[in-house]
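As a plain string of letters, each chain reads:
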Amino acid sequence: MKWVGLRADVDPLTGSVLSDDRFSGASLADRAALEIALRVAAHRGATVHVVCCGPVEADRMLRDALAAGASRATRIDARLSAGQQPTSVAVAGAIAEVVSGAALVVCGDWSLDRGSATVPPLLAMMLQVDQACGLVKVVIEAHQLIVERRLDGGRREVLRVVGPAVLSVEGSVATLRRAPLAGVLAAKTATVEIRRVSLPCTIPGVRVERVEAHRPTPRHLYTDDSSDPRLRVSSLLGVGVQRTPPLRLTLEPEAAADVIIERLVAWGQLPT
């Protein structure tokens, strides 16, 4: 799970992310990942170990996970300076050391701050296990999981997970259960394990070269000199202008490329 600002804002001058710890916590995707892990553990008679690479404020999020049913919580303290973030490779490497040997690792598909979605596949590579990322559905069966992942173009891929693997789920997959009162009270005094490591880091944000008022890029607009306002409006809207009708062709790749190039040249988008 990742500690992120749920109501983050961006400084318009520096490009740095501004967040308030009062409104920080786990994203919907990470909460869904915890719920899936709890369901799988209950079905298989296993336990859930929650891991976070973040600041001391993240202990609150980890205690909420313990209250919901997790058995163990570990926070990786990266000891970073203000304004710095560890690289995705470094985070995946640190988490891999903690979860090595786990039967199943469940993550959120992408975080709310950088949203690179690279930590789960990197984690699978480092653990040398299978991966199934971007899941929109998880069905728990006796000795396997039937998962459905999102593909481009509205397509779906159904996979069967039978061994150790890393899963990343979207926030719509599951809703985290409400922690019982006994779990909330026990989590207040539960132990959060701390691992202090030194990770390579980057300084996020945009380097500011200069600050000035926004000036839109000028564009050339065609104007009709006619005194008739109807003609001027019709010229701006392109009424009565000869247009090339759209074509639908079924061609071989080479012939299709020739047609595309020919059309772009006719439109002036490519040099003759």
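Summarised in this report is the structure supplied together with it.

### Considering the side chain of serine 88
Checked against the element boundaries, serine 88 lands in helix α3 (residues 88–99). A distance of 3.2 Å separates polar atoms of two side chains, one belonging to serine 88 and the other to threonine 118. Here serine 88 is in contact with Arg114, Ser116, Thr118, Val119 and Leu122, once residues within four sequence places are set aside.

### Overview of the sheet that holds strand β11 (residues 156–161)
Ordered in space as β8-β12-β9-β10-β11, the five strands form an open sheet in which the pairing is mixed. The outermost strands of the open sheet, each flanked by one partner alone, are β8 (104–108) and β11. Looking at each pair of strands side by side, their axes are set apart by 45 degrees on average, direction ignored. Helix-sheet contacts for helix α1 (residues 28–44) involve β8, β9 (130–140), β10 (145–150) and β12 (165–169), and the interaxial angle to β8 is about 155 degrees.

### Digging into the pairing of strand β6 (residues 72–77)
Taking burial as the measure, the six residues of β6 include five buried ones, the bulk of the element. Pairing geometry for strand β5 (residues 49–53) and β6, over five bridges, is parallel. For histidine 49, the partnering residue across the bridge sits in β6 and is arginine 72. Handedness of the β5-helix α2 (residues 59–68)-β6 crossover: right-handed. Pairing of β6 with strand β13 (residues 193–196), which is carried by four bridges, proceeds in the parallel orientation.

### Observations concerning the pattern of salt bridges
Applying the stated rule across the entire model yields nine salt bridges. The salt bridge involving arginine 150 is made with glutamate 170; its shortest N-O contact spans 2.9 Å. Remark: glutamate 170 occurs in the loop between β12 and α5 (181–187) and arginine 150 occurs in strand β10; sequence separation between them is 20 residues. Taking relative accessible area as the criterion, arginine 150 reaches 41% and is therefore assigned partly exposed.

### Describing the nonpolar core
If you look at the biggest cluster of nonpolar residues, it comprises 21 residues, and the most contacted ones within it are Leu34, Leu38, Val48, Val50, Cys52, Met61 and Leu62. Take this core: its biggest share by element is six residues, from α2. Setting aside residues no more than four positions away along its own chain, leucine 34 makes contact with Met1, Val48, Val50, Ala65 and Leu176. The next biggest cluster of nonpolar side chains, apart from the first, holds 17 residues, and it includes Val51, Ile95, Ala96 and Val166.

### Side note on the sheet that holds β13
Read from one edge of the open sheet, three strands run β5-β6-β13, paired in parallel fashion. Of all the strands in the sheet, just β5 and β13 have a single pairing partner and so form its edges. This sheet shows a mean twist of 20 degrees between the axes of neighbouring strands, independent of strand direction. Across the sheet, α3 is in contact with β5, β6 and β13; its angle to β5 comes to roughly 155 degrees.

So, how was this worked out
Residues numbered from 1 in each chain as written. Predicted model: local features only at pLDDT ≥ 70, side-chain atom pairs only at ≥ 80, totals over all residues. Heavy atoms only, no water. Helix = DSSP H or I, 4+ residues; strand = E, 2+ residues; numbered from the N terminus. Polar contact = N/O pair within 3.5 Å; in protein donor to acceptor, adjacent residues only side chain to side chain. Contact = heavy atoms within 4.5 Å. Pairing = 2+ DSSP bridges. Axes fitted to C-alpha atoms, helices over the stretch in contact; angles between N-to-C directions. Buried < 20%, exposed > 50% of the residue type's maximum accessible area, 1.4 Å probe, protein only. Right-handed = clockwise from strand over helix to strand, strands pointing away. Salt bridge = Lys/Arg side-chain N within 4 Å of Asp/Glu carboxyl O. Core = buried A, V, L, I, M, F, W, Y, C linked by side-chain atoms within 4.5 Å.

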